[in-house]
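# Summary of structural features
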Amino acid sequence: MAHTSQPFPFAFFNDKIVQTKEAQVSIMTNALQYGTGVFGGIRGYYNKEKGFLSIFRPDDHFRRFLSSLKIIGVSIDYSYEQLLKITRDLVKKNKPQTDTYFRPFAYAGSLHISPNLQSDNVFKYAQYMIPLGDYLPTDKGNSVMVSSWRRVSDNAIPSRAKISGSYINSALAKKEAQQNGYEEAILLNEEGHVAEGSAMNLFMVRDGVLITPSRSDDILEGITRRSIIQLARDMQIPVEERTIDRSELYVADEMFFSGTGAQVAWIDKIDQRMVGDSRRGTITARLQEMFFKVVRGKVKKYDHWCTKIVDSS
Ligand code: PMP
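In what follows, the accompanying structure is described.

Cut-off values and rules
Residues numbered from 1 in each chain as written. Predicted model: local features only at pLDDT ≥ 70, side-chain atom pairs only at ≥ 80, totals over all residues. Heavy atoms only, no water. Axes fitted to C-alpha atoms, helices over the stretch in contact; angles between N-to-C directions. Helix = DSSP H or I, 4+ residues; strand = E, 2+ residues; numbered from the N terminus. Parallel < 35°, antiparallel > 145°, perpendicular 65-115°, else oblique. Left-handed = near helix turned anticlockwise from the far one by under 90°. Contact = heavy atoms within 4.5 Å. Nonpolar A, V, L, I, M, F, W, Y, C, P; charged D, E, K, R; others polar. Near = heavy atom within 4 Å. Polar contact = N/O pair within 3.5 Å; in protein donor to acceptor, adjacent residues only side chain to side chain. Areas by Shrake-Rupley, 256 points an atom, 1.4 Å probe, with all protein chains shown as cover. Salt bridge = Lys/Arg side-chain N within 4 Å of Asp/Glu carboxyl O. Buried < 20%, exposed > 50% of the residue type's maximum accessible area, 1.4 Å probe, protein only. Expected span 1.5 Å × (residues − 1). Pairing = 2+ DSSP bridges. Right-handed = clockwise from strand over helix to strand, strands pointing away. Core = buried A, V, L, I, M, F, W, Y, C linked by side-chain atoms within 4.5 Å.

Interhelical geometry of helix H2 (residues 58-72) versus helix H3 (residues 80-94) gives an angle of 130° and a closest axis separation of 10 Å. With respect to H3, the axis of H2 lies oblique. For the pair H2 and H3, the crossing hand works out as right-handed. Of the residues in H3, those in contact with Pro58, Asp59, Phe62, Arg63, Phe65 and Leu66 of H2 are Tyr80, Leu83, Leu84 and Thr87. Looking at the contact of H2 with H3, its residues break down into seven nonpolar, one polar and two charged.

What follows is about the site of the ligand. Looking at the ligand, there are 16 residues lining it, with Arg64, Tyr167, Ile223, Thr224 and Thr260 nearest. Taking Ile223, its main chain carries an N or O atom lying 2.8 Å from an oxygen atom of the ligand. The contact in question runs from an oxygen atom of the ligand to an N or O atom on the side chain of Thr224, over 2.5 Å. In isolation the ligand has 380 Å² of accessible area, and contact with the protein removes 97% of it.

Time to look at the environment of Pro137. Within the fold, Pro137 resides in the loop between strand S7 (124-131) and strand S8 (142-150). Sequence separation between Pro137 and Gln263 is 126 residues; the distance between their C-alpha atoms is 9.6 Å.

Moving on: the pattern of salt bridges. Scanning the entire structure with this criterion turns up 18 salt bridges. Among the salt bridges present, the one from Lys140 reaches Glu183, with a minimum N-O distance of 3.4 Å. Pair noted here: Lys140 is in the loop between S7 and S8 and Glu183 is in the loop between helix H4 (167-179) and strand S9 (184-188), with a separation of 43 residues, a long-range link. On the basis of relative accessible area, Glu183 is assigned to the partly exposed category, the value being 24%. With a closest N to O distance of 3.1 Å, Asp271 and Arg246 form a salt bridge. Of the two residues, Asp271 is situated in the loop between strand S15 (263-270) and strand S16 (273-274) and Arg246 in helix H6 (residues 246-250); the sequence distance between them amounts to 25 residues. The class of Asp271 is buried, set by a relative accessible area of 11%.

A few words now on H2. Here H2 contains 15 residues, and its C-alpha end-to-end distance of 21 Å stays within 8% of the 21 Å for a straight helix at 1.5 Å per residue. For H2, the set of buried residues is Pro58, Asp60, His61, Phe62, Arg64, Phe65, Ser68, Leu69 and Ile72. Among the residues trailing H2, Gly73 stands out with phi positive, at a value near 75°.

What follows covers unusual backbone geometry. You will see that Asp207, though not glycine, has its phi angle at about 50°, which is positive. The exposure class assigned to Asp207 is exposed, which follows from its relative accessible area of 68%. A positive phi is found at Gln263, a non-glycine position, where the angle reads about 60°. Note on placement: Gln263 falls in strand S15.

Relative to S15, S8 is paired through three bridges, and the arrangement is parallel. Paired with Val144 across the bridge in S15 is Ile270. When S8 meets S9, the two strands line up parallel, connected through four bridges. Following the sheet pairing, Met145 is matched in S9 by Ala185. Viewed along the sheet, the connection from S8 through H4 into S9 turns out right-handed.

Take the nonpolar core next. Among the nonpolar cores identified, the biggest contains 28 residues, and Phe65, Leu69, Ile76, Phe123 and Tyr125 are the most heavily contacted of them. Dropping the residues within four chain positions of it, Leu69 is found in contact with Val38, Val74, Ile76, Ala106 and Phe123.

Function cannot be inferred from these measures alone, as they are strictly geometric.
This is how it looks when you write it as structure tokens:
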């Protein structure tokens, strides 16, 4: 699937809201050469009947964004509250009437030609919005392969931080999977244990237990992952966060990805083997259905996860 939708007309760039087409950087920008940046990805779900945009857990996304900056030892000139306000201001200006993806990012904007995290340790901040539907199919199974590429390890490029440069690792795995006729890849970490997909976390079900790699298995600590774990616990589904071996994937009853882009996307085949009976499993179905209701702001209990912007149109 290509994701080339036209961006919304307004973006935040160089400390103000400007036309997206005018938000441009020099070819000498440090981040462009070295991937010296940090980013986020947030979804807003548009409710046509009631005319509001429900943004999913923006507070948690911005907290992770600031943590990523902290991990690499840089800062931006914006507080957490200001980042939330910029998001609201952009919604009010762009007035989306469709499901939307927000891309906040911070980057080394200097024009110096060495891979450095800015001499003053201050990154620039920018944010844009695009319309976005499904990133992976959610109404049919996805086929995956275990990648020959290993997930970046925490001591090479911190894996729990969403660092721009590390996405060459995702891109290599995704390309390999697609060239081999699969939708997605699963990356193992340097220890040979299961980490995650190219840009999504992984869950499997064995004997009624929902299992996902632990936070020390070189994964990005996904906001969707955290939400799924919470939903499962609230639905009395047993959950384990622990190391998973490759061969365990082959005997799983159910398997799915979670992520802001991927949402909840189930897997029917792995390395030419069927996952369970290749149909959407019961636990996956329960969680997927609940997830889609929750993100659209339809479940009162999880209203606190949704920031609804009423006058978005
Ligand atoms: N892993 C990677 C490498 C990712 O890029 C993403 C997408 N942000 C995820 C997992 C899922 O994280 P989240 O649920 O916060 O989108």
